[in-house]
Amino acid sequence: MTGVQTCALPISDNDNLVKIKGDELCFTCHLKDKFSRNTVHPALKDGCNTCHDPHSSENRYGLILPSEKLCVKCHKSGRGRFLKAHSNYPVSDASCVGCHTPHSSSNTKLLRENIHPPLVQDRCSACHNPSDSQNPLGLLAEGEALCYRCHGDKSDDYKKGHIHPPTANGECTSCHSPHATDNRYELVLPEKELCFDCHKDKREKYSKRFIHGAIEKIGCSGCHDPHSSENEYELRFAGDRLCYECHQEDDFIKKIRHDPVTKGDCMACHDPHSSDNEYELVARGGELCFNCHQDEKKEFDKLNVHSAVSSGNCVGCHDSHSAEEEGLLVRRGNELCFNCHSTLTDEIGEDNIHMPYREGRCIVCHDPHASNNDFQLLGDDTNICYPCHDKIRIDSDRSKYTHLPLREGKCISCHDPHGSKIKGYLIRPLKNLCLSCHSDLSDRLKMDGGYIHAPIRIGGCLKCHDPHYSNEKDLLISTRRSLCTGCHDQEEEKFVQSHSNISTSGSDCLSCHEPHISDNSNLLHKIIHDPFGRKECERCHE
């Protein structure tokens, strides 16, 4: 029922239940501009049904009669006016639509849009025997010899090293109409359809997603000479010179050139006709690159692959034709990386950026393609960091104790490798950073009522501890005693009185005091010797 309702409705105000009156119904499917050019066939005034059956027919285009019989219903071919219009040639048995359009034309006499010049000039005798001869429709010469009577200046152009078979065989009319046509160059069919008439194997190519622009806009003759050429496949120019007829050559002659571009081998990457891949590439993204870069493909088979590589987006970083930067990079150094990684330092500020990152030397630490390490690092943390921070490695090897993250090569457990507002490029404020691992101390500090050592309260862990290595246990920056006496003057009266005037010289402060937090004042240990608690030290000490 849907097909019927294209033209008719179950209920309508129009005759025969049609949706729209007259020819306007036809124009809902057929483009109206082809029916309204300068010269309009008078039969159209009486409506489309004058020539066409609206439902079905045994004849092409739904005509009510075969075309040669339909035309003579109105145009009496044997009469003087008709003969005069055709230079007295007997054309009654010819196909009228071979020269005339049945609807409208930009030309007089409803002649088709592109007319062979002798026909326009009423010089049928330029090709045919005189109209009053015994065989008026006979030709003055056969094949190409007839055409060269006018186009003799082109004969040498059609005899180059590679000749299109119809040209070689003198079959000009296999492609060109000798009278009139709606196609440019008087072609008997639209250009692509004409080529497909012989090159049937190529038709399938044009069902692909991406068609070469030259074919879409111009046709096959955009690249191929339809007659002859000194180049294989009758190409108009050899190699990349043909491509540069449309594509700006400046984009292909920069300092560093892709090898296929240097060799002029555009088809190493592009199909000249069509492809299911953008830019008519012969394979998708990375698959195309790996056709040549096999060694790199093996190199990229690692645990962590740069997303641009894994997605096959090689051109995200590399120009596929030419570039000013080594490696065909589309930008220099960190400018290239910032195309994607632009937000890494947005909140940091220029003064807090790690030097390699600031200088755009991303590949000092990262492999731009793939690595077996996280973030495509060239090695584990220490192997990456030590080439610049070698003193830490040397001093760590010489020290008795090393901070666990450093020993395990996990520099980024504490440091941001790109930059940070916090001194030392720390990933968080010092106190929070330390307590994120030292959870037992963190839990104790959260308890109410405790007494906290002043450096801990202000987040001054480094006042006592070295963050990397030390010869002292617990990574202390010096011996326990010298560390404590650096802040606590043993000669000060308050210190002396608090220790009941007993000398603490040579004593281990931690034998009585907690270094971080305590439930007791003065950071004393939880369990206190009873005389000590009552400050009766003289009971044991002289």
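In the block above lies the structure referred to throughout.
Residues numbered from 1 in each chain as written. Predicted model: local features only at pLDDT ≥ 70, side-chain atom pairs only at ≥ 80, totals over all residues. Heavy atoms only, no water.

Draft legend 1. Main features of the overall build of the chain. Summing up its helical and strand segments, the chain has 24 helices and 16 strands in all. What you see for the chain is a C-alpha radius of gyration of 46 Å, clearly larger than the 24 Å of a compact globule of 542 residues, by over 25%. Principal-axis analysis of the C-alpha atoms gives the chain an extent of 155 × 70 × 35 Å. Here the chain holds 542 residues, and the buried ones make up 29% of them. A sequence separation of at least 24 residues applies to 48% of the contacts in the chain between residues at least 6 apart. Accessible surface, the chain: about 36,400 Å² in total, of which carbon and sulfur atoms supply 52%. If the 65 positive side-chain charges of the chain are averaged to one point and the 83 negative ones to another, these points end up 3 Å apart. (Helix = DSSP H or I, 4+ residues; strand = E, 2+ residues; numbered from the N terminus. Rg over C-alpha atoms; globule rule 2.2 N^0.38 Å. Buried < 20%, exposed > 50% of the residue type's maximum accessible area, 1.4 Å probe, protein only. Contact = heavy atoms within 4.5 Å. Areas by Shrake-Rupley, 256 points an atom, 1.4 Å probe, with all protein chains shown as cover. Lys, Arg positive; Asp, Glu negative; His and termini not counted. Charge placed at Lys NZ, Arg CZ, Asp CG, Glu CD.)

Draft legend 2. Local environment of the pattern of salt bridges. For the coordinates displayed, the defined rule picks out 20 salt bridges. A salt bridge links Lys-202 to Asp-201, with the shortest nitrogen-to-oxygen separation between them at 3.3 Å. The partly exposed category is assigned to Lys-202, whose relative accessible area is 28%. With a closest N to O distance of 2.9 Å, Lys-302 and Glu-299 form a salt bridge. Residue Lys-302 is classed as partly exposed on the basis of its relative accessible area, which comes to 27%. Ionic contacts of the salt-bridge type, sharing partners, join the residues Asp-390, Arg-393 and Asp-397 into one network. (Salt bridge = Lys/Arg side-chain N within 4 Å of Asp/Glu carboxyl O.)

Draft legend 3. Structural context of the packing of aromatic side chains. Under the definition given, this model contains six aromatic pairs. Between Phe-27 and Phe-35, the ring centres sit 5.3 Å apart and the planes meet at 55 degrees, which makes this aromatic pair tilted. One exposure class covers both Phe-27 and Phe-35, and it is buried. Aromatic side chains Phe-196 and Tyr-206 sit 5.1 Å apart centroid to centroid with 45 degrees between the ring planes, which places their arrangement in the tilted category. Here Phe-196, found in helix H6 (residues 191-198), pairs with Tyr-206, found in the loop between helix H7 (200-203) and strand E6 (210-211); they are 10 residues apart in sequence, far enough to count as distant. An identical accessibility class is assigned to Phe-196 and Tyr-206; each is buried. One Lys or Arg, Arg-241, reaches over the ring of Phe-237 and ends 5.9 Å from the middle of that ring. (Phe/Tyr/Trp six-rings, centres within 6.5 Å; stacked < 30°, edge-to-face > 60°. Lys NZ or Arg CZ within 6 Å of the ring centre and 35° of its normal.)

Draft legend 4. Representation of the environment of Leu-433 in the model. Position of Leu-433 among the secondary structure elements: in helix H19 (residues 430-437). Exposure remark for Leu-433: the relative accessible area of 8% places this residue in the buried category. Each C-alpha atom of the pair Leu-433 and Ser-155 lies 87 Å from the other, and the pair is 278 residues apart in sequence. Ignoring sequence-local partners within four residues, the contact set of Leu-433 consists of Ser-413, Cys-414, Leu-426, Ile-427 and Arg-428.

Draft legend 5. Broad picture of unusual backbone geometry. A positive phi angle is found at Leu-110, which is not glycine, with a value near 55 degrees. Located in the positive-phi region is Asp-474, a residue other than glycine, with phi close to 65 degrees. Take Asp-474: its relative accessible area is 45%, and that puts it in the partly exposed class.

Draft legend 6. Fine view of the environment of Lys-421. Position of Lys-421 relative to the elements: it lies in the loop between helix H18 (404-407) and H19. Considered as a pair, Lys-421 and Cys-127 are 294 residues apart in the sequence and their alpha carbons are 90 Å apart.

Draft legend 7. Just the environment of Asp-381, in detail. Examined against the element boundaries, Asp-381 turns out to sit in helix H16 (residues 381-385). The spacing of Asp-381 and Arg-81 is 300 residues in sequence and 98 Å in space, taken between C-alpha atoms. Residue contacts for Asp-381: discarding those within four places in its chain leaves Gly-409, Lys-410, Cys-411 and Ile-412.

Draft legend 8. Fine view of the side chain of Glu-234. Assignment of secondary structure puts Glu-234 in the loop between strand E7 (228-229) and helix H9 (240-243). No salt bridge is formed by the buried Glu-234, whose closest oppositely charged neighbour, Lys-202, lies at an N-O distance of 11 Å. Not counting residues up to four positions away in its chain, the partners in contact with Glu-234 are His-162, Ile-163, His-164, Cys-223, His-224, Asp-225, Ser-228 and Ser-229.

Draft legend 9. View of the state of the cysteines. The final tally for this structure, using the stated rule, is zero disulfides. Free cysteine: Cys-26, not disulfide-bonded; nearest cysteine sulfur from Cys-48 at 3.7 Å. Free of any disulfide, Cys-314 has its nearest cysteine sulfur in Cys-289, 3.6 Å distant. (Disulfide = S-S within 2.5 Å.)

Draft legend 10. Representation of a negative patch on the surface. A cluster of like negative charges, contributed by Asp-489, Glu-491, Glu-492 and Glu-493, occupies part of the molecular surface. If you trace the backbone, Glu-491 turns up in the loop between helix H22 (480-485) and helix H23 (493-498). Judged by its relative accessible area of 69%, Glu-491 falls in the exposed class. (Patch = residues over 30% accessible without salt bridge, like charges linked within 9 Å, V, L, I, M, F, W, Y side chains within 5 Å.)

Function cannot be read off these values alone, since they describe shape.
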